[in-house]
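Close look at the chain arrangement
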Amino acid sequence: AIYNLGSINADYFYHVPHLPGPGETLAATSMSRGLGGKGANMSVAAARAGAHTAHIGAVGGDGKWAIDRMTEFGVDTRHITTLTDTPMGQALIYVDDAGENSIVLLNGANFQIPKQTIASALSEASPGDTLLMQNETLSQLETAKMARSLDLYIAYAAAPFDAAAVTAALPYLDFLILNEVEAAQLEEATGKTPEALGVTDVIITLGANGARWIHSGTARDFPAMPVTPVDTTGAGDTFTGYILAARDRGLPMEQCIALAMRAGALMVTRQGTADVIPDLKDVDEARF
Ligand code: ADP
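Parameters and conventions
- Residues numbered from 1 in each chain as written.
- Predicted model: local features only at pLDDT ≥ 70, side-chain atom pairs only at ≥ 80, totals over all residues.
- UniProt positions renumbered as here; feature names shortened; annotations may be inferred.
- Near = placed C-beta within 6 Å.
- Helix = DSSP H or I, 4+ residues; strand = E, 2+ residues; numbered from the N terminus.
- Nonpolar A, V, L, I, M, F, W, Y, C, P; charged D, E, K, R; others polar.
- Buried ≥ 20, exposed ≤ 12 C-beta atoms within 10 Å, placed from the backbone.
- Contact = placed C-beta atoms within 7 Å.
- Pairing = 2+ DSSP bridges.
- Axes fitted to C-alpha atoms, helices over the stretch in contact; angles between N-to-C directions.
- Core = buried A, V, L, I, M, F, W, Y, C linked by C-beta atoms within 7 Å.
- Parallel < 35°, antiparallel > 145°, perpendicular 65-115°, else oblique.
- Left-handed = near helix turned anticlockwise from the far one by under 90°.

Labelled according to an unreviewed UniProt entry, the protein appears under the name Ribokinase, originating from Shimia sagamensis. Word for word, the UniProt comment on the protein under Subcellular location (unreviewed entry) is "Cytoplasm".

1. Details of the site of the ligand
The ligand sits among 19 residues. The nearest are T205, G207, A208, G236 and G264. Among the secondary structure elements, those contributing two or more residues to the shell around the ligand are helix 7 (235-248) and helix 8 (253-268). Residue composition of the shell around the ligand, grouped by class: twelve nonpolar, seven polar and no charged.

2. Thoughts on the UniProt feature "binding site: substrate" (unreviewed entry) in the protein
The UniProt entry lists N9, A10, D11, G37, K38, G39, A40, N41, E136 and D237 under the feature "binding site: substrate" (unreviewed entry), expressed in the numbering used here. Relative to the assigned elements, N9 resides in strand 2 (residues 9-15). With 29 C-beta atoms counted inside 10 Å, the residue N9 sits in the buried group. The contact partners of N9, leaving out residues within four places of it in the chain, are G36, G37, A40, G89, Q90 and A91. Non-local contacts of D237, meaning those with residues more than four positions away in its chain, are made with K38, N41, M42 and A45.

3. Side note on the sheet that holds strand 4 (residues 53-59)
The strand order 5-4-1-8-9-10-11-12-13 describes an open sheet built from nine strands, whose pairing is mixed. What marks the edges here is a single partner per strand, and that holds for strand 5 (80-82) and strand 13 (218-222). Neighbour to neighbour, the strand axes of the sheet diverge by 20° on average, direction disregarded. Most of the contacts of helix 6 (residues 180-190) go to strand 10 (residues 175-179), to which it runs at about 110°, and overall it touches strand 10 and strand 11 (201-205).

4. As for the nonpolar core
For soluble globular proteins, the rule of thumb is that nonpolar side chains tend to be buried together. Of all hydrophobic cores here, the largest spans 77 residues; its most connected members are Y242 and A260. Of the residues forming this core, the biggest block, ten residues, is contributed by helix 8.

5. Comments concerning the pairing of strand 6 (residues 89-95)
One ladder, built from seven bridges, connects strand 2 with strand 6; its direction is parallel. Opposite Y12, over in strand 6, you have L92 as the bridge partner. Judged from the six bridges that link them, strand 6 and strand 7 (residues 101-106) form a sheet pairing that is antiparallel. Bridging from a neighbouring strand, I93 pairs with I103 of strand 7. Between the antiparallel neighbours strand 6 and strand 7 lie five residues, among them G99 with a positive phi of about 85°.

6. Section: the packing of helix 7 against helix 8
Running from N to C, helix 7 and helix 8 cross one another at 150°; their axes reach a closest spacing of 8 Å. The pairing of helix 7 with helix 8 is recorded here as roughly antiparallel in orientation. For the element pair helix 7 and helix 8, the recorded crossing hand is right-handed. Residues A235, T238, F239, Y242, I243, A246 and R247 of helix 7 form the contact with helix 8, whose own contacting residues are M253, Q255, C256, I257, L259, A260, A263, G264, M267 and V268. Residue composition of the contact of helix 7 with helix 8, by class: 13 nonpolar, three polar and one charged.

Set out below in structure tokens:
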């Protein structure tokens with residue numbers, strides 16, 4: 001099973017003729033709301049990939065729809081707490097006619113996940129289960145320590161990148177996943193190549209160029225599936241959910257990477273985020 005301590009956001013998309021400047025009031029031509037947050041996206045991906053996935057998180061009183069949607073998508077939502085005195089996480093995303101965007105983020109309930117919620121979720125975990133975390137919540141270090149004492153497999157997606165957060169987590173990690181930009185930032189911050197971090201498995205996703213797997217200090221590259229991208233948002237989150245779900249099922253890492261690569265490629269051919277993360281059947285049946 002996978003226990004994912006992660007963010008849950010309401011993504012509000014406003015389509016605007018141009019991005020608003022200081023003091024400007026602008027009419028949106030359309031609006032839509034979707035489930036988002038790296039945490040929720042990864043939980044949905046792992047669940048759709050067939051893993052039992054328990055999300056550990058929090059929303060506000062405004063977040064019932066988000067919990068319902070995650071449940072529909074197959075996520076175990078029993079460890080998502082509803083807080084009454086704070087709004088859920090939000091991303092206000094303005095998208096202009098040229099596809100350019102600007103985003104305002106509110107952490108909201110994601111930064112108030114009660115320690116008790118985390119402890120009670122992990123008390124259900126068995127040795128060998130996976131703890132996954134990203135950097136859109138607090139309590140990462142305490143949770144990693146707790147997970148280590150329970151003999152869990154600890155995976156971390158270092159996004160949004162924060163040098164202090166990832167370097168503090170490093171000693172606890174079995175698995176670290178970064179995109180190319182984050183990998184460069186980490187090398188800059190630590191002065192160490194990914195091979196020298198001391199984490200058993202490091203994955204660097206390379207967009208259309210596939211992914212690099214560094215196992216015990218030795219790197220191997222895997223090419224991406226050839227597709228024409230439509231919308232690359234959520235590709236990394238989908239890849240992460242899939243690779244960990246496959247590992248949780250006991251597949252060897254090469255096969256986990258191959259499956260995650262197919263899921264990521266299929267995802268970039270779809271417009272949208274959590275709502276369109278492909279399920280295992282679609283990924284298996286996709287022809288590239
Ligand atoms: P992030 O969204 O975190 O920046 P990437 O862009 O590296 O992550 O994408 C994650 C994975 O999704 C890649 O490793 C690859 O397998 C797949 N992917 C992303 N973009 C493409 C693309 N244009 N063509 C094929 N596969 C892609």
